[in-house]
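Survey of secondary and tertiary structure
Each chain, written out:
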Amino acid sequence: MDEFLVRDARPADGLQVSCIGFGLILVLACFLMTLPATGATINTGPLLRTVDAGTRHTCALDEGGGVWCWGWNASGQLGDGSRTLRVTPVAVRGLPGAATALSVGDDHACVLIRDGGVYCWGANAGGRLGDGTTVNRDVAVPVSGLQQGVTAVAAGGNFTCAAGESGVVCWGRNPWGQLGDGTLEDHRAPGAVQGISEPVRALAAGGGHVCALTETGAVKCWGRGGNGQLGDGEWQLAVAGDRHTPVAVTGLASGVRAISTGEQHSCALDGAGAVRCWGNNLDGQLGQSGAPSLEMPRWPVGDLPLDALDLAAGGNHSCAVFSDGKVWCWGSNRQGQLARPSGAFSPQPLAVPGLPAMRSVANGSRHSCAVSAEGAAYCWGDGETGQLGAGDRNSRREPVAVDWSTVPDPGPRAMLRLDSATGVVQKHIVRGSGIPVRFGWVLREVPANATCHIRRSPDDVGIFRIPRGELAQGEWTSTTLHAWAAGDRGFYVACSGGPRSLPVTLSIDEAEYPLEVTIAGDGAGLVISEPEGIDCGSTCVVSRTVGSPLTLAAVSDAPDSAFVSWSGACDGWKDSCDLVMAGARQVTANFVRLRDGIRQISAGSGYSCGLDAAGEVWCWGRNRWVESGITGSARVSWPERVEGLPGPMRAVAAGDSHACAASESGRVWCWGGNDRGQLGDGSFVSRETPVEVSGLGSNVRAVAAGPAHSCAITGVGAIRCWGANDSGQLGSGGSSAGSNRPVTVAGITQGARAIGAGGSHACALITGGEVRCWGGNGFGQLGIGDRMQRPTPAVVQGLPGGAEQITAGQTHTCALVSGMAWCWGDGFYGQLGDGDTIPGQSRDEPVAVRGLPDAVEQISAGTDFTCALTSGGSAWCWGNGWDGRLGLGDDAWTNHAQPAPVSGMGSGARAIAAGGQHACALDAQGRAYCWGANTRGQLGVSGTVYFPAPTPVIWR
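Residues numbered from 1 in each chain as written. Predicted model: local features only at pLDDT ≥ 70, side-chain atom pairs only at ≥ 80, totals over all residues. Heavy atoms only, no water.

So, the pattern of salt bridges
In plain terms, the rule: Only one rule defines a salt bridge in this text: a Lys or Arg side-chain nitrogen within 4 Å of an Asp or Glu carboxyl oxygen. Only protein chains enter the accessibility calculation, which uses a 1.4 Å probe; a residue whose area is less than 20% of its type maximum is buried, one above 50% is exposed, and one in between is partly exposed.
Using the criterion set out here, one finds 26 salt bridges in the structure. The shortest N-O distance in the salt bridge between Asp883 and Arg885 comes to 3.3 Å. In this structure Asp883 comes out as buried when scored by relative accessible area, which is 0%. We classify Arg885 as buried; its relative accessible area is 0%. Several salt bridges share partner residues, and in doing so they unite Glu616, Arg641 and Glu643 into one network.

Here we look at the nonpolar core
Defined as follows: Only buried Ala, Val, Leu, Ile, Met, Phe, Trp, Tyr and Cys residues count toward a nonpolar core, and they belong to the same one when joined by side-chain atoms within 4.5 Å. Throughout, a contact is declared for two residues whenever any of their heavy atoms are within 4.5 Å.
Among the nonpolar cores identified, the biggest contains 64 residues, and Val275, Val327, Trp380, Ile601 and Trp620 are the most heavily contacted of them. Among all residues touching Val327, those that are not within four sequence positions of it are Cys319, Ala320, Val321, Leu350, Ala351, Val352, Leu355, Met358, Val361 and Trp380.

Considering the sheet that holds strand β51 (residues 635–641)
Definition in use: DSSP calls a pair of strands paired once it identifies at least 2 bridges connecting them. To qualify as a helix, a DSSP run of H or I must reach at least 4 residues; to qualify as a strand, a run of E must reach at least 2; elements of each kind are numbered from the N terminus. An axis is simply a line fitted to the C-alpha atoms; with a helix, the fit covers only the stretch in contact. Between two such axes, the angle follows the N-to-C directions and lies from 0 to 180 degrees.
Read across the sheet, 4 strands follow the order β48-β49-β50-β51 without closing on themselves; strand pairing throughout is antiparallel. Edge positions in the sheet fall to β48 (598–603) and β51, since each of these pairs with one other strand and no more. Taken pair by pair, the neighbouring strands of this sheet meet at an average axis angle of 10°, ignoring direction. As defined by bridge partners, β48 adjoins strand β49 (residues 607–612) across 5 bridges and the pair is classed as antiparallel. In the sheet register, Gln600 faces β49, and the bridge partner there is Leu611.

What to know about the sheet that holds strand β10 (residues 118–122)
Spatially, β8-β9-β10-β11 is the arrangement adopted by the 4 strands of the open sheet, whose pairing is antiparallel. The open sheet has two edge strands with one neighbour each: β8 (99–104) and β11 (137–142). Neighbour-to-neighbour, the strand axes of this sheet turn through a mean angle of 20°, independent of strand direction. As judged from the 5 bridges shared by β8 and strand β9 (residues 108–113), these two strands associate in the antiparallel manner. Each bridged residue has a counterpart across the sheet, and for Leu102 the counterpart in β9 is Val111.

Notes on the confidence of the model for the chain
Low pLDDT marks regions whose predicted coordinates should not be analysed in detail. Worth spelling out the cut-off: pLDDT runs from 0 to 100 and stands for how confident the predictor is about each residue.
Residue-level pLDDT values for the chain average 82, and 83% of them are 70 or greater. Low pLDDT (under 50) marks residues 1–42, which in the prediction has 116 contacts with non-local residues, meaning those over four places away or in another chain. Between residues 411–510, whose pLDDT stays under 50, and residues either more than four places distant or in other chains, the model counts 302 contacts.

Quick word on the side chain of Thr214
Summarising the element assignment, Thr214 is placed in strand β17 (residues 209–214). Setting aside chain neighbours within four positions, we find Thr214 in contact with Glu198, Pro199, Val200 and Arg201.

Examining the packing of aromatic side chains
Which entries qualify depends on this criterion: Aromatic contacts are taken between Phe, Tyr and Trp rings whose centres are within 6.5 Å, Trp giving its six-membered ring; a plane angle under 30 degrees counts as stacked, one over 60 as edge-to-face, and the others as tilted. Whether a charge sits over a ring comes down to the Lys NZ or Arg CZ being within 6 Å of the ring centre and within 35 degrees of the ring normal.
Applying the stated criterion across every chain, the model contains 9 aromatic pairs. Between the aromatic rings of Trp68 and Trp404, the centroid separation amounts to 5.4 Å while the plane-to-plane angle is 85°, which identifies the pairing as edge-to-face. Taken together, the positions of Trp68 in strand β6 (residues 67–71) and Trp404 in the loop between β31 (396–401) and β32 (413–419) put the pair 336 residues apart, joining distant regions of the chain. A single burial state applies to Trp68 and to Trp404, both of which are buried. Measuring from centroid to centroid gives 6.3 Å for Trp70 and Trp404, while their planes differ by 75°, and the two rings are edge-to-face. In this pair, Trp70 is assigned in strand β6 and Trp404 in the loop between β31 and β32, connecting sequence segments 334 residues apart. Owing to a relative accessible area of 0%, Trp70 belongs among the buried residues under this scheme. Assessed through its relative accessible area of 4%, Trp404 is described here as buried. Here a set of aromatic residues connected by ring pairs shows up, and it is made of Phe345, Phe828, Tyr829 and Trp882. Taking the ring centre of Trp618 as reference, the NZ or CZ of Arg595 above it sits at 4.8 Å. Directly above the aromatic system of Trp955 lies the positively charged group of Arg595, at a separation of 4.8 Å from the ring centroid.

Given below as structure tokens:
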């Protein structure tokens, strides 16, 4: 897609005219913008295309090809002709024309010029600027021998690479073989990389390694590899892991869409749309728990959507932006790189709050930046050297807009995007001071026998109104489009045929516009307004003046109905919405009818399952391995019945990639992922429909599902487990090999009353109240006074009496003793509930949960958080608060080291389940509610990516 910036000229005071012509299809665009007659204007900066971040500085590329930098400048890395630190953007000097691509290294930066040449500036130790010297440059200089034909450039820690017609070349420092020429010699000018014969689509350079994405979607990497960041399946420490020429990344099929490299890790967007990372994982930057490093891309990152637009690997953190405009980050948060007020790191992806819709993201060593759909830059994290561009040297744990106040204001401006393949003007963006805006343009040199169509763009329905509708062939009269205010607005003009001219204007319409309010869903509800005037129970249309403010409130109109969410001009889960009229608007309030009679609920990792009064199992959420039991879809947004179960079930357990259910006759059936034998059917084949667990027989009393193992209690009280056994979680002793059939847990052949399956461990409650645990114990989750894993059961130490319930989370465990909650294991996020918030504080013996108002009747441990129900029917949660999984009803997402009340569930709750990043509960009528992350539909509600308060599950 070709993009063109509209420059300005000022014909008279208070008026702004901008024109542009471009391409084989010539479009002349003129913008007449009315400016305020008096008063200061706000400079919103140039329209940005992309941003990239280094160790202590940041640079951005605008839509006109200009380059801007800010932050540390001791080596001239800002390119403004000085060595002065800048806390706001300055223009890079020395570029011969418009830049089309930008890459920032540790202390230098490079751009690709429109004619295919490469220019660099900043630190030049080792010759990383490629100009044949080692002299630092504070303005851009050309790279020797690369003045045309280059298609990609990547600046690394102390070296640079480029790709083009002649293959891949690199220059600069070479201590780990990152120049890819088979040597360890530095080069001051570009030298050829060996072993890449096919065209390269993209390059990414990290701290000491490089990855290349070929036209076929394959990935090859070279250079430093001591932490597995080359992804070749070889994990060798120090220089033994380095590769001086490219090697293929293992475990990535062809069709990779994008790559990014950090200090010592790498990430890719695979052909299925999943983000996968490998290399150093000490801060969780791979999005995985437990492993210090991965030598190849093994698993997708968390529960991220499958529609990433951009991804970025930084120093010790990673981020990605998705088609809905949301940015998710994971890894180190020590300087606020994840935009969270607390917490040192998180291997689980977290949505960055406080951002508008974004389109690209970049990570530096300890900070992050992103560019919005409207071309504005936001940064967060370490700001000590001004790298956030916020006008100061303060760090931020929330996004802050880059400050352009020191840059001369070019006045209002606009940008057109033309799809050169189709000749369609896809979008224009108007930015700057002064509205109303008058916009007009003319298409010329349209091909012979042309037909032109004007229509509203899909993402702007309701803003533009075309009185005449689409233009038919030969209708070349003017058409007026009406809109209010500036912003991101668009329309399409598609033409084919011969030379014609079609004038179109956009102007202010001061008249009233219609506001259509609709009640949707099978529930009953009303929408009322402040100021008064709207009291709507079905579909209503009222008129409101452009610019007038309005507050809408959604109110349930029946005891068995509940408000779920807004759609249209209002969005989100809160029952009120503030709206400003800006053209025609449409708002929908979604209400659902609550379903009674759900008798059990289970929350897995990214999905949920419920058991109704008839014994039927229903699941919803992530379905990548058909763990939700529904074929044909990777996501199930509301409950669907699991087909193939033989008769009524009496219990269901949701794990990570699989689920199991016990029938009324006492037989166990499982479905979903089976790579570790967790279905127990004697195979390693994943199953889309339930299969019976082999050899368990009938009279099974209980079943539990962990990430990759399962356990059940037989009729005589013995415990049998199957699946993964890396940490001894099957409890059978001896070999750590897993089993695709049930094996007996050593020493528990009778008397078991309850079973819990955690991340890599399991626990059982024995008649008399004794608790025994086995498996992984790296956080003390076995409760036996040490951190050594046990392949056979060991008795939990320190409980004050006989236990009544047991629950196993990802890396912690809890039990109830005489109505009091006790927890042990990982306490990093406060999930033990004892009030201790010391980072990394874990307990290898039980500690009492503090602050619960009544006796506890049920407790459930999830991933880094815990929830409980009291005898008064109130729900409480504590631990990791990210994604709203504690259900506190706010957007703070703070951790809680002691129990906090779940919003709206102060009484009447009778069951609760904590999952991966969400939780669910049942009320006294058996109605299901869920809260927390909803990235995969695990809350049973479509749309919003998280709900920080309980929302009713939608049954259809």
